[in-house]
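Chains, contacts and geometry: an overview
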Amino acid sequence: MEVVFSLASITFTKVLQLSGLVDNSNALKTKKMEDKALEVYDVIRSIRDPEKPNSLEELEVVTEKCVEVQELGEDEYLIIIKFSPTVPHCSLATLIGLCLQVKLQRCLPFKHKLEIYVSEGTHSTEEDINKQINDKERVAAAMENPNLREIVEQCVTEPDD
């Protein structure tokens, strides 16, 4: 009986969609944004922690839930990442944000605007860190420092590269 009801429900939904009585464009758009978010997450999950031999995914600094994608225009997206440092006084949170910036700028195949934040309540200086990692001039200046650039390269390079 459950199978019959389920099939009837699916058939009814399809009839409504095909008749134009139900608009499924929102469902398609939501699915597209979820797929883009997973694509972004696949890029950042393998970034190495600057201090530990683990990835940001293994340390739960980034998770699938921390990535949000919004459509800005045709083939242009706003990517919002909210990461959680392992401890509230993590001295390398800004460096982790820089690694996220660099890896996404290099690897994403679509046009995007990027906003990276420390998740609310997860760091003692989250406002300062958020300001630094979203300031293009500060990011560019940081990447001109050879020591910082080398650390970022070590963190963003895939293990099999």
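Structure: above.
Residues numbered from 1 in each chain as written. Predicted model: local features only at pLDDT ≥ 70, side-chain atom pairs only at ≥ 80, totals over all residues. Heavy atoms only, no water.

We now examine the overall build of the chain. Helix and strand content of the chain: six helices and three strands. Written out in order from the N terminus, the α and β elements of the chain read α-α-β-β-α-β-α-α-α. Split into buried and exposed, the 161 residues of the chain put 35% on the buried side. Across the chain, contacts joining residues at least 24 apart in sequence account for 60% of those joining residues at least 6 apart. Of the accessible surface of the chain, which amounts to about 10,300 Å², a share of 52% is contributed by carbon and sulfur atoms. (Helix = DSSP H or I, 4+ residues; strand = E, 2+ residues; numbered from the N terminus. Buried < 20%, exposed > 50% of the residue type's maximum accessible area, 1.4 Å probe, protein only. Contact = heavy atoms within 4.5 Å. Areas by Shrake-Rupley, 256 points an atom, 1.4 Å probe, with all protein chains shown as cover.)

Inspection of the secondary structure puts Glu127 in helix 4 (residues 126–133). Looking at Glu127, the relative accessible area reads 67%, which means it is exposed. Placed 10 residues apart in sequence, Glu127 and Tyr117 show a C-alpha to C-alpha distance of 8.7 Å.

On inspection of all chains with the given rule, the structure shows nine salt bridges. Asp35 serves as the salt-bridge partner of Lys31, at 2.9 Å between the closest nitrogen and oxygen. Note that Lys31 and Asp35 are positioned in helix 2 (residues 25–44) at a spacing of four residues, about one turn of the helix. What makes Lys31 partly exposed here is its relative accessible area of 47%. On the basis of relative accessible area, Asp35 is assigned to the partly exposed category, the value being 37%. Put simply, Arg138 and Asp135 hold a salt bridge, and the shortest N to O gap is 3.7 Å. By relative accessible area, Arg138 is classed as partly exposed at 41%. (Salt bridge = Lys/Arg side-chain N within 4 Å of Asp/Glu carboxyl O.)

The next subject is the pairing of strand 2 (residues 76–83). Successive residues of a regular strand alternate their side chains across the two faces of the sheet. The buried fraction of strand 2 is high, at six of eight residues. Looking at chain direction, strand 1 (residues 67–73) and strand 2 are connected through six bridges and run antiparallel. Opposite Gln70, over in strand 2, you have Leu78 as the bridge partner. The loop that links strand 1 with its antiparallel partner strand 2 comprises two residues; one of these, Asp75, has a positive phi angle of about 60 degrees. Direction of pairing for strand 2 relative to strand 3 (residues 111–118): parallel, over a ladder of eight bridges. For Phe83, the partnering residue across the bridge sits in strand 3 and is Val118. At this point the chain moves from strand 2, through helix 3 (residues 93–107), to the parallel strand 3, and the crossover so formed is right-handed. (Pairing = 2+ DSSP bridges. Right-handed = clockwise from strand over helix to strand, strands pointing away.)

Let us now look at the packing of aromatic side chains. By the definition in use, this model includes one aromatic pair. Between Tyr77 and Phe110 the ring centres are 5.2 Å apart and the planes differ by 80 degrees, which places this aromatic pair in the edge-to-face class. Linking Tyr77 in strand 2 with Phe110 in the loop between helix 3 and strand 3, this pair joins segments that are 33 residues apart in sequence. Just as Tyr77 is buried, Phe110 falls in that class too. (Phe/Tyr/Trp six-rings, centres within 6.5 Å; stacked < 30°, edge-to-face > 60°.)

Any functional reading would require information beyond the geometric quantities listed.
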